[in-house]
Amino acid sequence: SGFAPPTRHVLEKSEVAPSKLNMKLKDVYEPLLSFFRPMTCRRKDEQTLIPCHVGEGLNTTECLKNKCCPSKTGHELKCYMPFKDNMQLTFRLLVLVAGGFLILGCLPFCCCACLQR
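Below: a short report on this structure. (Residues numbered from 1 in each chain as written. Predicted model: local features only at pLDDT ≥ 70, side-chain atom pairs only at ≥ 80, totals over all residues. Heavy atoms only, no water.)

1. Comments concerning the side chain of Thr40
Checked against the element boundaries, Thr40 lands in strand 1 (residues 39-40). Those residues in contact with Thr40 that sit more than four places away from it in its chain are Cys69, Pro82, Phe83 and Asp85. (Helix = DSSP H or I, 4+ residues; strand = E, 2+ residues; numbered from the N terminus. Contact = heavy atoms within 4.5 Å.)

2. Remarks on the packing of aromatic side chains
Here the distance between the centres and the angle between the planes together describe a pair of aromatic rings. With the rule as written, the count across this model stands at two aromatic pairs. When the centroid spacing of 5.0 Å and the interplanar angle of 90° are considered together, the rings of Phe35 and Phe36 count as edge-to-face. Assessed through its relative accessible area of 37%, Phe36 is described here as partly exposed. (Phe/Tyr/Trp six-rings, centres within 6.5 Å; stacked < 30°, edge-to-face > 60°. Buried < 20%, exposed > 50% of the residue type's maximum accessible area, 1.4 Å probe, protein only.)

3. Let's talk about the state of the cysteines
Inspection of every chain in the model, using the stated rule, returns three disulfides. Paired by a disulfide, Cys41 and Cys69 hold their sulfur atoms 1.9 Å apart. Across the disulfide from Cys41 to Cys69, rotation about the S-S bond amounts to roughly -80°, and the bridge is consequently left-handed. Note that Cys41 is positioned in the loop between strand 1 and helix 2 (60-65) and Cys69 in strand 2 (residues 69-73), a separation of 28 residues in sequence. The buried category is assigned to Cys69, whose relative accessible area is 0%. Here the cysteine-cysteine linkages of the protein chain are recorded as 1-5, 2-4, 3-6, numbering only bonded cysteines and doing so in sequence order. (Disulfide = S-S within 2.5 Å.)

4. Some points on the layout of surface pockets
Each pocket or cavity is described by its volume, and for the largest pocket that value is around 420 Å³. Those elements giving two or more residues to the lining of the largest pocket turn out to be helix 1 (18-36) and helix 3 (86-115). With four residues, helix 1 is the single largest residue contributor to the lining of the largest pocket. A class-by-class count of the residues in the lining of the largest pocket yields nine nonpolar, three polar and five charged. (1 Å grid on protein atoms, 1.4 Å probe; cavity = no way out; pocket = protein on both sides within 12 Å on 5 of 7 lines; lining within 4 Å. Points joined across faces, edges and corners; volume = space filled by probe spheres on them. Nonpolar A, V, L, I, M, F, W, Y, C, P; charged D, E, K, R; others polar.)

Shown next, in the form of structure tokens:
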């Protein structure tokens, strides 16, 4: 009466449902991926607009929800794919490498201070 039928699999406390595991992995990788692949909606002169693959005739809110850039040309609203922001990527990598060198530079002093005690 209070037991699950034998054909149904009951999750133990240590088990994680596959869909929850996929969501957790996506939550971890998405910010990491966006850090190393910065995108921008700012268009430079020579860049061509690539239409967003979510559909035609989307309004601004739907366009932004699908991680696309809204563009008003004439009276028709179009969505286009964002561009890679190489300048932002360069800045982020520079800060990351400088922080790494700072930590590696301070590490010997911290070790010496701990060993002298």
